[in-house]
Amino acid sequence: MKILHTADWHLGKTVQGTSMLEDQKYILQQFLQVVDEQQPDAIIIAGDLYDRSVPPVIAVQLLDDVFEEIVKNRKIPLLAIAGNHDSTSRVDFGSTLFKESGLYVKGKLAKEMTPIRLEDEHGAVDFYLIPFADPQEVRYVFEKEDVHTNQQAMETIMEAIQPTINRSVCIAHAFVTKNGEQQENLDEGERPLSIGGSECIDASLFEKFNYTALGHLHQAHFVAHEKIRYSGSPLKYSVSEATHQKGVLMLELDAKGNVAIEKIPLEPIRDLRRIEGFMEDLLKLPASEDYVYVTLLDEAPILSPMEKIRTVFPNAMHIERPIIKGTLEVAPVENKRAMDTETLFHSFYTEITGSEPNEAMTQLFQELVEEELRKEREAE
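First, a word on what this report is: a plain description of the structure on this page. (Residues numbered from 1 in each chain as written. Predicted model: local features only at pLDDT ≥ 70, side-chain atom pairs only at ≥ 80, totals over all residues. Heavy atoms only, no water.)

Quick look at the pairing of strand S8 (residues 123–130)
What counts is decided by this rule: Exposure is judged per residue with a 1.4 Å probe applied to protein chains only, and the accessible area is read against the type maximum: over 50% gives exposed, under 20% gives buried, and values in between give partly exposed. Secondary structure elements are taken from DSSP: a helix is a run of H or I of four residues or more, a strand is a run of E of two residues or more, and numbering for both begins at the N terminus. The pairing criterion for strands is at least two bridges between them, as found by DSSP.
Burial runs high along S8: 7 of the 8 residues are buried. Where strand S7 (residues 116–120) meets S8, 5 bridges bridge the pair, whose relative direction is antiparallel. Directly across from Ile116, in S8, lies its bridge partner Phe127. Count of turn residues in the S7/S8 antiparallel hairpin: 2 residues. As judged from the 5 bridges shared by S8 and strand S9 (residues 168–173), these two strands associate in the parallel manner. Each residue of the ladder has a partner; that of Asp126, found in S9, is Ser168.

Right under this line is the structure:
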């Protein structure tokens, strides 16, 4: 059986105040091209269909359009679960009726972990759909008062799943790590799954399945074993993902349950990347529609830096300057309150750069302050 694994679409997402909807439409059209080329027997979306529990109408329409293309027009079974960004009740709406058309959507956790069974030329494959559920929900659904962590919650769910055939696939949305060891979630666009405790789940819980299709972490990778995998998101949603190669996973499950996996890249209409340099040099770079995060190396103040950067990179999202730890003594905060403007500037400059401002820098600062004071007077 050929199965296409994707996750973390986050439809309706905005990054630095910029809507990603146009980019999402583009990448999902490319996704449909992959579907046509690969002709999978089933498609998996492992959670976070939307970016928030109440998505904008246009995001709901986009998901509906893509589901129609896959299930109605291409007659390919689609299996999807709710992630931590989704509303479980909204994702679950109509799921019973949708099954008749080959759309298997699970938003709410249920005590009965009945699999979805699909057939190919080698026989049956059972798919177990595990939507995101926090320990409190698992405790309620399974009536177990001793469930307090994400690990305990998944252990409880797995006790209810005992595959009965030799080919089974799990679909889950969770933070899965080798041996359940705590590790930092480097995806800045992904909110934590728990507060004050470990959100990590031991990958060994999924070894009973021939393949586990995971969602939540945005970088494609396997966990502990090749058959336990994150597909990653189809688009870059934060600067922490700038170096990721986005795509989808194509897997083939043979008659004995062995899995062959191939990553198929997706190319966005606009990349999201980091650039750094001096303003003068950055303004000489080739113009680009990419989303860029800029690190400016100039020490001198620059008026309207974003306005200047956007003459070359109209979709620039953020500008920052590296913080250089100084070795000179810096005045305590309580003393700074008593400083005049120029002395405060000297203290700030020294703290950031590690050296005193020169005469030209000080004069430029004074001119800027005088200009601002003049504008204030004129406005009165």
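Having put the structure on the table, let's press on.
What to know about a negative patch on the surface
Applicable threshold: Here a patch means residues that are over 30% exposed by relative accessible area and free of salt bridges, tied together within 9 Å if like-charged and within 5 Å if nonpolar (Val, Leu, Ile, Met, Phe, Trp, Tyr). Computed with the Shrake-Rupley method and a 1.4 Å probe, the accessible areas treat only the protein chains shown as cover for residues. Definition used for salt bridges: Asp or Glu carboxyl oxygen within 4 Å of a side-chain nitrogen of Lys or Arg. Charge convention: Lys and Arg are scored as positive, Asp and Glu as negative, and His as well as the terminal groups of each chain are ignored. The atoms used to mark charge sites are NZ of Lys, CZ of Arg, CG of Asp and CD of Glu.
Side chains of Asp41, Glu121, Glu252 and Glu262 sit close together on the surface and give a patch of like negative charge. Along the chain, Glu121 turns up in the loop between S7 and S8. The class for Glu121 is exposed, based on a relative accessible area of 66%.

Details of the nonpolar core
Put simply, the rule is: For this analysis, a nonpolar core means a set of buried residues of the types Ala, Val, Leu, Ile, Met, Phe, Trp, Tyr and Cys, connected via side-chain atoms within 4.5 Å.
Formed by 41 residues in total, the largest nonpolar core has its most connected members in Phe31, Ile70 and Leu78. Within the residue set of this core, elements represented by two or more residues are helix H1 (21–38), strand S4 (42–45), helix H2 (57–73), strand S5 (78–81), strand S6 (103–106), strand S15 (247–253) and strand S18 (291–296).

Some words on H1
Quick note on the threshold: By definition here, a helix of n residues has an expected span of 1.5 Å times n minus one.
In this model, H1 (18 residues) spans 25 Å end to end at C-alpha, consistent with the 26 Å of a helix rising 1.5 Å per residue. Looking one or two residues beyond H1, the residue adopting positive phi is Gln39, at roughly 50°.

Notes on the packing of H1 against H2
Worth spelling out the cut-off: Axis lines are fitted to C-alpha atoms, over the contacting stretch for helices. Their N-to-C directions set the angle, which ranges from 0 to 180 degrees. Roughly parallel here means an angle under 35 degrees, roughly antiparallel means over 145, roughly perpendicular means 65 to 115, and every remaining angle is called oblique. We call two residues in contact whenever any of their non-hydrogen atoms come within 4.5 Å of each other. Ten residues, namely Ala, Val, Leu, Ile, Met, Phe, Trp, Tyr, Cys and Pro, are considered nonpolar, four, namely Asp, Glu, Lys and Arg, are considered charged, and the remaining ones, Gly among them, are considered polar.
It is the contact of H1 with H2, at a shortest axis distance of 11 Å, that shows an interaxial angle of 5°. The angle between the axes of H1 and H2 places the two elements in the roughly parallel class. Taken together, the residues of H2 that come into contact with H1 (itself represented by Leu21, Gln24, Lys25, Leu28, Phe31 and Leu32) are Ile58, Ala59, Leu62, Val66, Glu69 and Ile70. In the contact of H1 with H2, the residues fall into 9 nonpolar, 1 polar and 2 charged.

Considerations on the pairing of S5
The following threshold applies: Call a crossover right-handed when, viewed with both strands pointing away from you, the route from the first strand across the helix to the second goes clockwise.
Both faces of S5 are covered, namely the face carrying Leu78 and Ala80 and the face carrying Leu79 and Ile81. Each parallel crossover has a hand, and the one from S4 via H2 to S5 is right-handed. Pairing of S5 with S6 involves 4 bridges; the strand directions are parallel. In the strand pairing of S6, Leu78 is matched with Leu103.

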